[in-house]
Amino acid sequence: QAHLALPRFRPAPFGRACGAAPGRRCPAGTAAAMAMPSAAWAALLLAGAAQAAAGAPATPRFKWGQTKDLIFLSVMVRDLDKASVSISLPDGDFRFRARNTKGEEQALDLPLREDVEDGPKFEVAQRPDKWGIATVVTLVKTHKHRWDVLVQDPKKFKGLMDKDWSREDQSLEPEEEAPYVEDNEQLVPVTAKTLNKTIAKYDVVVVNVRYPWCTQCKSQDDTFAKAAKASKKAGSKNKKMKGKVAFAVLDAREERKLAKQLGATCDYTCEYRVFTDPAEDSVVLKSSWSEEELLQSVAKFLGPAVVEISSDAELAAWKETNTTCFGGFKTKASPEFLAFKRIASLMRGELVFVAQFGAHKTVGIWPHKQNYSLEYDGSWQDSGAAFAEWIKPRALPLLQEYDWKLRDTYEKLGLPLAKVWLNDEDKNPTFDKVVRHVVRRVAKRFLGKIAFVEYKKSTYSFELRDYGLSNPEVFPAFGISSNATYTSVKYGFEVTPEVAPSAQDFWKDADNAIKRLVGFCDAVLAGTWPEAHESGPVQTNWTAGMVKKLAWKSFKEIEQPEKPLLLELFGKYRSESERKNTEVENLAKALEPHADKFTVASYDTSDNFLPQDEFKRDKYSSDTEWYWVPAAPAGAAARPPAKKLTKPKKDAPIKTVLEFAAKSLGGDALNTAELMSRFEELMKENPPPPAPAPPPPMDGMGGMGG
């Protein structure tokens, strides 16, 4: 006799059967399903009996709750065999498999409303509830927001699904979902079923894959709708443009699987997908802030990805006005051409791809207005991946002036980015021409390995700080970042007296400059050039009785000091900084008779990078800390660890600092009473500058505040 496990029907409060909060309406269709007539229930019972008789798995009851970040899903099975529980997420949907103690299969498959992360966690409850033993599953939401329902079609789970109010964050408010497509009749809605038909109907289809609740790209969504309206208007005036371009919208929540394939997100990137042929891959198109700019970007897709020619004269004409990639292929069906065309489609607008048919001719690129060309001798067996990697850096100029609009281009390129800063505030066209000549010759040697750009001092000199080239700023300057992102590792090339008498002399000697810069680039690529960091200027006039002002560029004097250091770590934004600077100056002067034993030094962490392995300190801490840094023993790889003044940890008075130095030095070499007396005398001889006077009261402000 087959065992039939049927859900017990009981009326639910209005809205709860679909998972909505009490008093809220269910999604369309579920309310009607709740009012199922008795005949329908009888049919359901008969279907369940037939399923059980056939030995099909039973469907267990379940309940769910949510927070902004998580979904909690409890699946209940009577007499659960706890060892049999299996949870998985095939294609992003929920799958539960288990058996009861009689060996009867239990199965639950839920097509989830939205995406969750891989690696679900679950635990089996120790005690059963009225529906059986619960397996409590925790799912991490991909997009952190309130789901309106758990599954795509709640009515399919009527009578099986409840809301778990004990795990529901009831403070989550429903999100407003504007009827974007309905409010913009010029937009074409597409689904997985209609996308290919739409692509076949138009020359170009631009798809905005969006979540109806996402507001990250609201401005870009408005621009997209305006561009669609402008495009439709242009088509009504120009018959040649009519029906050429469609601006389409895919609901990423309703079409989860396709949206995932198209890289759907809810973040600031706001990208579109452009289709020109159902058989070809889509191309990513970055959003624009104006409809005119977006329409210009879309216009690049109206022409063919590959221009077909029949003569050398046609090829010469294209080379005359564009950076051109040309290849000869036996037929349009040859695998090499199909890969060539695929990459051409992905790189529309970046250069011109030209093909000739009938005979094989090596693929090459001719940069516009350059006296050289390059031939591709790589593989075509990978759908063009190797060709794309080869051509993308070669499609860019050897050296071009950087603009913020190019950031995305260089970020996607993924290569180290070499930068030369020129002084546009003190223009010297002849000298700048020499500098560019040097950099282009270096860039040519590193094609495909490093990209090269030119920065203006007036716009980008602030970046010199991260390359350790800001104190002082010397132009032209040169550095390399590991990639084009803000978080890249930086490397600076400093023209020191050992390299050349001055930056001008360095660049004017082109052969020597090229040799030095090639060596710098090689060392960066090999990982042997030290990482650059912000640094203040290196002190060059120190003598005994002065504070030795150390910087990142002279940090080795902290790592390997010849004599012990009484080291002050401070930030220049501390309160009464000028008074404290004077105190340290006078302390160093008072300790001048002991300069053969140790050195008073300071390190401004607000202007210099500070490694955090030994000195734990925030960059902009507005306080003072004191350390005793032992000398490095002769021949030793490292010195003993530094000792910190801890009572008090910060802003210690000078008397305490002297006592700390005497204890660290050992013996009775320092007479702290005499040194303190000398320090007080020096404070009278060399007093700190007077504190700024408080601002005068503002006239006419009496009576304010009561």
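Attention in this report is confined to the structure presented alongside it. Bear in mind that the values here come from a model prediction, so they are computed numbers and not experimental data.

Rules and cut-offs
- Residues numbered from 1 in each chain as written.
- Predicted model: local features only at pLDDT ≥ 70, side-chain atom pairs only at ≥ 80, totals over all residues.
- Heavy atoms only, no water.
- Buried < 20%, exposed > 50% of the residue type's maximum accessible area, 1.4 Å probe, protein only.
- Helix = DSSP H or I, 4+ residues; strand = E, 2+ residues; numbered from the N terminus.
- Pairing = 2+ DSSP bridges.
- Right-handed = clockwise from strand over helix to strand, strands pointing away.
- Axes fitted to C-alpha atoms, helices over the stretch in contact; angles between N-to-C directions.
- Parallel < 35°, antiparallel > 145°, perpendicular 65-115°, else oblique.
- Left-handed = near helix turned anticlockwise from the far one by under 90°.
- Contact = heavy atoms within 4.5 Å.
- Nonpolar A, V, L, I, M, F, W, Y, C, P; charged D, E, K, R; others polar.

### Points about the pairing of strand β15 (residues 324–329)
Within β15, 6 of the 6 residues are buried, which leaves it mostly tucked inside the rest of the structure. In β15, alternate side chains face the same way, and those of T324, F326 and G328 on one face and C325, G327 and F329 on the other are all buried. By the bridge criterion, 6 bridges tie β15 to strand β16 (residues 352–357) in an arrangement that is parallel. Along β16, the bridge assignment pairs C325 with F353. Handedness of the β15-helix α9 (residues 335–346)-β16 crossover: right-handed.

### Examining the packing of helix α5 (residues 218–237) against helix α7 (residues 291–299)
Describing two packed helices takes the angle between their axes plus the distance from one axis to the other. Put simply, α5 and α7 touch, their axes get as near as 9 Å, and they point 65 degrees apart. When the interaxial angle is binned, α5 and α7 end up roughly perpendicular. Seen along the crossing, α5 lies across α7 with a hand that is right-handed. Across the interface between the two elements, T223, F224, K226, A227, A230 and S231 from α5 touch E291, L294 and L295 from α7. Taken together, the residues of the contact of α5 with α7 break down into 5 nonpolar, 2 polar and 2 charged.

### A word on the sheet that holds strand β5 (residues 105–110)
In spatial order, the strands read β3-β4-β5; together these 3 strands make up an open sheet with antiparallel pairing. Here the strands that pair on one side only, and so sit at the sheet edges, are β3 (86–88) and β5. Strand-to-strand twist in this sheet, taken as the mean axis angle between neighbours without regard to direction, amounts to 10 degrees. In terms of strand pairing, β3 meets strand β4 (residues 94–99) through 3 bridges, oriented antiparallel.

### Concerning the sheet that holds strand β14 (residues 307–308)
Ordered by their spatial adjacency, 5 strands build an open sheet running β14-β16-β15-β17-β18, and the pairing between neighbours is mixed. Each edge of the open sheet is held by one strand with a lone partner, namely β14 and β18 (374–375). One ladder, built from 4 bridges, connects β15 with strand β17 (residues 361–366); its direction is antiparallel. Bridge pairing links F326 to G364 in β17. Those strands touched by α9 are β15, β16 and β17, and its axis lies near 160 degrees from that of β16. Packed onto the sheet, helix α10 (residues 385–394) meets β15, β16, β17 and β18 and runs at close to 30 degrees relative to β17.

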